[in-house]
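# Structural overview
Single-letter residue listing:
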Protein chains: 2
Amino acid sequence: MSRRSIDHLARALARLPGLGPRSARRAVLYLLTHREAVLRPMMEALADVERSVRACSVCHNLDEQDPCSICVDQGRDASVLCVVEQVGDLWALERSGAFAGRYHVLGGTLSALGGVGPDDLTIEGLVARAAAPPVREVILALNATVDGQTTAHVLTDRLAATGVGVTRLAHGMPLGAEVGTMDDGTLAAAVKSRYTL
Amino acid sequence: MSRRSIDHLARALARLPGLGPRSARRAVLYLLTHREAVLRPMMEALADVERSVRACSVCHNLDEQDPCSICVDQGRDASVLCVVEQVGDLWALERSGAFAGRYHVLGGTLSALGGVGPDDLTIEGLVARAAAPPVREVILALNATVDGQTTAHVLTDRLAATGVGVTRLAHGMPLGAEVGTMDDGTLAAAVKSRYTL
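Residues numbered from 1 in each chain as written. Chains lettered and ligands numbered in written order. Predicted model: local features only at pLDDT ≥ 70, side-chain atom pairs only at ≥ 80, totals over all residues. Heavy atoms only, no water.

### Some remarks on the pairing of strand β6 (residues 165–168) of chain A
Residue and element names in this part refer to chain A. This is how it is decided: If DSSP finds at least two bridges between two strands, the strands pair. Put simply, DSSP marks the helices as runs of H or I at least four residues long and the strands as runs of E at least two long, and each gets a number from the N terminus on. The handedness rule is simple: strands pointing away from the viewer, and a clockwise path from the first strand over the helix to the second, make the crossover right-handed.
Pairing of strand β5 (residues 137–140) with β6 involves 4 bridges; the strand directions are parallel. By the bridge assignment for β6, leucine 140 is matched with arginine 168. As for the winding sense of the linkage, the β-α-β connection from β5 through helix α6 (residues 146–160) to β6 is right-handed.

Structure, rendered in structure tokens:
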């Protein structure tokens, strides 16, 4: 079959997280049979994002303006910085509505195995921001993984000189979780941090 | 946040089969953080497919030429037509290498509930092709669903006047399947069509 372009698109789609070769082929077919409703809008949406979205030079969020709309929002608390590994973590916190300060996207975690050192992350920028008024608290919202917690330790050390308070997200049972299916570490953390109603 | 374009792309991606809102957001992030390697190639692949892929006017396959490369391939057996519901079914049969004749894509199945009547499918075209030499067999490779089998019955009736032989795909255990997990209908079909080694 002369379907070079079809195979090419299937391979491009299969590179997306969550889409394997099989679902990529299904997606190609869906696109080809819904040209006006799906294929053309997607082409335009990709071109739009490619043209208009940039990384914020202050916090490394992805936004259509630089500094990003969170960094310039005077309604947000500039005295608290929330440090996240990735932009996706920032989006999740924004969806939760649980945080109204500003962010700092690290760009990953320190990882000896992965060859990620301090210079590969935005640690210098974070320390500089934390040292400047009016920042008084830095929340380390890193993943509860070995790399995430190692990185949190290192950041706590680096931030000590700035004099700001450094806090971390609580560990415990996620809402809706069942005790019987929780791992030992989570249960231990939940018992240790138990609270009185 | 001024992320209209980001939300727009996430909604466009979430329309693809296999991607929900959550995985669409992950895909957007992946695209934005892999612009050269993933986002731009995908834009080009979509534009390429949109420009070059058309439905074959003979068999309704999707291809870069019309009639499609299967219809014009002199190395294939023009005396056997394989009827499939969708182009994806044709692709699956081509990957299997099990069929070397020509195809006819119905465009779906008859469905009283779904409001799909004979005029919504390419039945007239199929009957005309089946009636013309050198066609001597039509294989109905429709889904083993109620609608698929109902449609197979209707097609068998419609094709009777053409005098061609009409066959269907065998029913039975898929390779690798376990007897204990098979549904009753499949087991009954497999027993009924049992064969001697």
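### So, the sheet that holds strand β4 (residues 101–105) of chain B
Residues and elements named next belong to chain B. Our working definition: Helix axes are fitted to C-alpha atoms over the stretch in contact, other axes to C-alpha atoms as well, and angles between N-to-C directions run from 0 to 180 degrees. Here, residues are in contact when the closest pair of their heavy atoms is within 4.5 Å.
A sheet is described by the order of its strands in space; here 4 strands give the open sequence β4-β3-β5-β6, paired in parallel fashion. Every interior strand has two partners, whereas the edge strands, β4 and β6 (165–168), have only one. This sheet shows a mean twist of 25° between the axes of neighbouring strands, independent of strand direction. As paired elements, strand β3 (residues 77–84) and strand β5 (residues 137–140) share 4 bridges and run parallel to each other. In the strand pairing of β5, leucine 81 is matched with valine 138. Each of β3 and β4 touches helix α5 (residues 87–96); the most contacted strand, β4, lies at about 160° to it. Here helix α6 (residues 123–131) sits on the sheet and contacts β3, β4 and β5; the angle it forms with β4, its principal contact strand, is near 155°.

### A short note on the interface of chain A and chain B
As a reminder, the rule being used: Each of two parts loses accessible area, computed with a 1.4 Å probe, when they are put together; buried area is these two losses added. Salt bridges, as used here, are contacts in which a Lys or Arg side-chain nitrogen is within 4 Å of a carboxyl oxygen on Asp or Glu.
Contacts between chain A and chain B engage 52 residues on the former and 52 residues on the latter. Summed over both partners, the interface of chain A with chain B comes to about 5,200 Å²; 65% of that surface belongs to carbon and sulfur atoms. Joining chain A to chain B, the criterion identifies 7 salt bridges. Among the ionic pairs, glutamate 50 of chain B bridges to arginine 40 of chain A, the shortest N-O distance being 2.3 Å. Sorting the residues of the side of chain A that touches chain B by element identifies α1 (4–14), α2 (21–33), α3 (35–52), β2 (62–63) and α4 (87–96) of chain A as the ones contributing at least two each.

### Overview of the pairing of β4 of chain B
Spelled out, the test is: Only protein chains enter the accessibility calculation, which uses a 1.4 Å probe; a residue whose area is less than 20% of its type maximum is buried, one above 50% is exposed, and one in between is partly exposed.
The buried fraction of β4 of chain B amounts to 5 of the 5 residues, a majority that puts the element mostly inside the structure. Taken together, β3 of chain B, α5 of chain B and β4 of chain B form a β-α-β motif whose crossover is right-handed.

### Observations concerning the environment of proline 41 of chain B
Residues and elements named next belong to chain B. Following the sequence through the fold, proline 41 ends up in helix α3 (residues 35–52). Take proline 41: its relative accessible area is 23%, and that puts it in the partly exposed class. Taking the C-alpha atoms as reference points, proline 41 and alanine 130, separated by 89 residues in sequence, lie 42 Å from one another. Setting aside its immediate chain neighbours within four residues, proline 41 contacts Arg35 and Glu36.

### Description of helix α7 (residues 146–160) of chain B
All names here are of chain B. Spelled out, the test is: By this rule, a helix spans an expected 1.5 Å times one less than how many residues it contains. Taking the helix axis as origin, the arc is that swept by the directions to the C-beta atoms.
For α7, which comprises 15 residues, the first-to-last C-alpha distance of 21 Å matches the rise-based estimate of 21 Å (1.5 Å per residue) to within 8%. When α7 is considered as a whole, its buried residues turn out to be Gly148, Gln149, Thr151, Ala152, Leu155 and Leu159. Taken end-on, α7 shows its buried residues confined to a sector of 155°, consistent with a single buried face. In α7, the exposed positions that point more than 90 degrees away from the buried face belong to Val146, His153, Asp157 and Ala160. Elements that come into contact with the buried residues of α7 comprise β3, α6, β5 and β6.

That's the geometry; what it means functionally is another story.
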